[in-house]
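# Close look at the chain arrangement
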Amino acid sequence: MSLAVHACRSLCSWHRTPAQLDGLPLLACRGCGSQWIRSEAWTPIDHTGRIPDDVRAELEQR
């Protein structure tokens, strides 16, 4: 399975999902449908330009 990555929108809101990819928690954007795991080289931001708390928690695990 590969991650879905879409252009960011003003609706972006990142949250943890119940799924995992490669043994890592999968986070997804409820606005644009993009997905992210902490091994990715980029960092998601939400519609306010802020790094969401769920993303920050994953980044601390790197």
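Above this note sits the structure.
In what follows, the accompanying structure is described. Please read these numbers as outputs of a predicted model, since none were measured by experiment.

So, how was this worked out
Residues numbered from 1 in each chain as written. Predicted model: local features only at pLDDT ≥ 70, side-chain atom pairs only at ≥ 80, totals over all residues. Heavy atoms only, no water. Helix = DSSP H or I, 4+ residues; strand = E, 2+ residues; numbered from the N terminus. Areas by Shrake-Rupley, 256 points an atom, 1.4 Å probe, with all protein chains shown as cover. Core = buried A, V, L, I, M, F, W, Y, C linked by side-chain atoms within 4.5 Å. Buried < 20%, exposed > 50% of the residue type's maximum accessible area, 1.4 Å probe, protein only. Pairing = 2+ DSSP bridges.

### Remarks on the overall build of the protein chain
Secondary structure summary: the protein chain contains one helix and three strands in total. Each of the three principal axes of the protein chain carries a C-alpha extent, and together these read 30 × 25 × 20 Å. Carbon together with sulfur atoms contributes 49% to the accessible area of the protein chain, which is approximately 3900 Å² in total.

### Quick look at the nonpolar core
In this structure, Cys12, Trp14, Leu27, Cys29, Cys32, Trp36 and Val55 together form the largest nonpolar core, which totals seven residues. Listed in part, the five residues of the second largest apolar core include Leu3, Leu24, Leu26 and Ile37.

### A word on the sheet that holds strand β1 (residues 14-21)
Here we have three strands laid out as an open sheet, ordered β1-β2-β3, and antiparallel in their pairing. Unpaired on one side and paired on the other, β1 and β3 (35-36) mark the two borders of the sheet. When β1 meets strand β2 (residues 24-29), the two strands line up antiparallel, connected through five bridges. The partner of Trp14 across the bridge, within β2, is Cys29.

Shape descriptors only; they carry no functional weight alone.
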